[in-house]
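Coordinate analysis (summary)
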Amino acid sequence: MKALHFGAGNIGRGFIGKLLADAGIELTFADVNQAVLDALNARRSYQVHVVGEQEQVETVSGVSAVSSAGEEVVDLIAQVDLVTTAVGPVILERIAPTIAKGLAKRKAQGNNQPLNIIACENMVRGTSQLKDHVLKALSQEDIAWMEDHVGFVDSAVDRIVPPAASASNDPLEVTVETFSEWIVDKTQFKGQLPAIAGMEPTENLMAFVERKLFTLNTGHAITAYLGKLTGHQTIRDAILDEKIRLVVRGAMEESGAVLIKRYGFDDAKHAAYIEKILGRFENPYLKDDVERVGRQPLRKLNAGDRLIKPLLGTLEYNLPHHNLVKGIAAAMHYRSEQDPQAQELAELIEKQGPKETLVQISGLDAGSDVVAEIIKEYNAKA
Ligand SMILES: NC(=O)c1ccc[n+]([C@@H]2O[C@H](COP(=O)([O-])OP(=O)(O)OC[C@H]3O[C@@H](n4cnc5c(N)ncnc54)[C@H](O)[C@@H]3O)[C@@H](O)[C@H]2O)c1
Ligand SMILES: O=P(O)(O)OC[C@@H](O)[C@@H](O)[C@H](O)[C@H](O)CO
């Protein structure tokens, strides 16, 4: 079996690419980072440091790489059995035309073997969003063929992978936590489900996607934003700050109350899920910067993402949301010189004030009580 993975970054090398290669799949990475491409092609292998109480160094081998911009990647899409991505939500639209070209070539070559495409991004149904972008670049005839032969499979992906902290300067080295979870929607596959250890098929993907994004990522983002505001550099330092921990746990519980109503999760099991996540944030073996976790605040303040979507759920079910409000206000205070979205956020607030900015980014109703609550909290932190 052959696979092409877009994005040889932290999750690409440290999680999805590793599972594919470990499963004996012939794996090619596609990326835009020339140093990473050159290193992968020169060495054909790299090391993954799995850190927990005992550190394990695992070698991933037999991999290669191509530029995601050239013809080689189009040829690969025409040939492989599986395409995965971990490039970041905003990049999906950019790689879609290449995928469309590859699919058109696959059809033209008469390759009717099933192909499955799985986006492994922190998004609700990210692969379906990728499919929408791909459709825009295909002819009607190619679309009809694609619907018969290509599965667009949504997934939920969970493993904390910060940039490697090692002093080795090796562009391929990656450090990961021991925990990992990759859940895929088994109803969307074409052909036989591939047997990949660590990839778990489910018929109930939405529950898993929302459970992960609106618990772990909700708590993670709030830890980052409150941490940054308080002057902490890492997620561990921030979550060990009792005041921050209280708000983070509270926000995960508020979001959890929505998930329990919506999906019927067991209360005690969900409480244990939250405790386990708090422990993962505290991991002493990972150095995870608040700036990595807080990155792209405009994306994170979007209506469908980890802060506003749980808040909307609390309004739907008339549930408490005090801690989510604190987290959203902290997100609006997020400033980072290396993050264009943080700069755009600051400029918007400077130009039109916090209320207008919040309404514009989140889609919340300008006249609503909840907007007034967030702005009150925002002003109290100013
Ligand atoms: N790091 C984590 O802890 C983690 C965990 C779960 C999910 N995720 C999700 O995985 C995705 C990737 O995150 P990451 O932390 O690995 O980011 P990253 O920045 O480490 O990796 C992204 C990679 O994509 C590459 N890339 C950018 N544009 C490209 C293009 N046009 N074609 C091909 N490659 C391109 C970059 O060069 C980089 O190597 C995101 O959606 C993120 O939310 C991350
Ligand atoms: O990747 P983002 O920017 O959507 O979110 C930052 C982190 O919360 C995220 O990467 C987590 O580390 C990951 O989702 C853990 O599974």
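Conventions we followed
- Residues numbered from 1 in each chain as written.
- Chains lettered and ligands numbered in written order.
- Predicted model: local features only at pLDDT ≥ 70, side-chain atom pairs only at ≥ 80, totals over all residues.
- Heavy atoms only, no water.
- Domains from an automatic or database assignment.
- Contact = heavy atoms within 4.5 Å.
- Buried area = accessible area lost by both parts, 1.4 Å probe.
- Salt bridge = Lys/Arg side-chain N within 4 Å of Asp/Glu carboxyl O.
- Near = heavy atom within 4 Å.
- Polar contact = N/O pair within 3.5 Å; in protein donor to acceptor, adjacent residues only side chain to side chain.
- Areas by Shrake-Rupley, 256 points an atom, 1.4 Å probe, with all protein chains shown as cover.
- 1 Å grid on protein atoms, 1.4 Å probe; cavity = no way out; pocket = protein on both sides within 12 Å on 5 of 7 lines; lining within 4 Å.
- Sits in = over half its atoms within 2 Å of the grid points.
- Helix = DSSP H or I, 4+ residues; strand = E, 2+ residues; numbered from the N terminus.
- Nonpolar A, V, L, I, M, F, W, Y, C, P; charged D, E, K, R; others polar.

**Quick word on the domain arrangement of the chain**
- By domain assignment, the chain separates into domain 1 (2–202) and domain 2 (207–381).
- Computed over C-alpha atoms only, the centres of domain 1 and domain 2 are separated by 28 Å.
- Facing 25 residues of domain 1, the contacting portion of domain 2 comprises 22 residues.
- Together, the buried faces of domain 1 and domain 2 total about 1,900 Å²; carbon and sulfur atoms form 64% of this surface.
- Its largest share of buried area at the contact with domain 2, domain 1 owes to Asn122, Val124 and Ile160, together 28% of the area lost on that side.
- On inspection of domain 1 and its partner domain 2, the count reaches three salt bridges.

**A word on the site of ligand 1**
- Neighbouring ligand 1 are 24 residues; Ile11, Asp31, Ser68, Glu121 and Val161 lie closest to it.
- In the environment of ligand 1, an oxygen atom lies 2.9 Å from a nitrogen or oxygen atom belonging to the backbone of Asn10.
- Note that an oxygen atom of ligand 1 is positioned 3.1 Å from one of the backbone N or O atoms of Arg159.
- Its free accessible area being 820 Å², ligand 1 has 84% of it covered by the protein chains.
- Of all the cavities here, the one that holds ligand 1 is the largest pocket.
- Counting only elements with at least two residues in the shell around ligand 1, the list comes to α1 (10–22) and β2 (26–31).
- When the residues that make up the shell around ligand 1 are grouped by side-chain class, the tally is 13 nonpolar, six polar and five charged.

**Considerations on the site of ligand 2**
- Around ligand 2 sit 15 residues in total, of which Asp158, Lys212, His220, Arg292 and Arg299 are the nearest.
- One of the backbone nitrogen or oxygen atoms of Arg159 is found 3.0 Å away from an oxygen atom of ligand 2.
- For ligand 2, an oxygen atom lies 2.8 Å from a polar atom in the side chain of Arg292.
- Relative to its free-state accessible area of 400 Å², ligand 2 is covered by the protein chains to the extent of 93%.
- Of all the cavities here, the one that holds ligand 2 is the largest pocket.
- For the shell around ligand 2, the secondary-structure elements that each account for two or more residues are β9 (155–158), α7 (205–230), α11 (290–293) and α12 (297–300).
- If one sorts the elements of the shell around ligand 2 by residue count, α7 sits on top with four residues.
- Residue composition of the shell around ligand 2, grouped by class: four nonpolar, three polar and eight charged.
- Counting only domains with at least three residues in the shell around ligand 2, you end up with domain 1 (2–202) and domain 2 (207–381).

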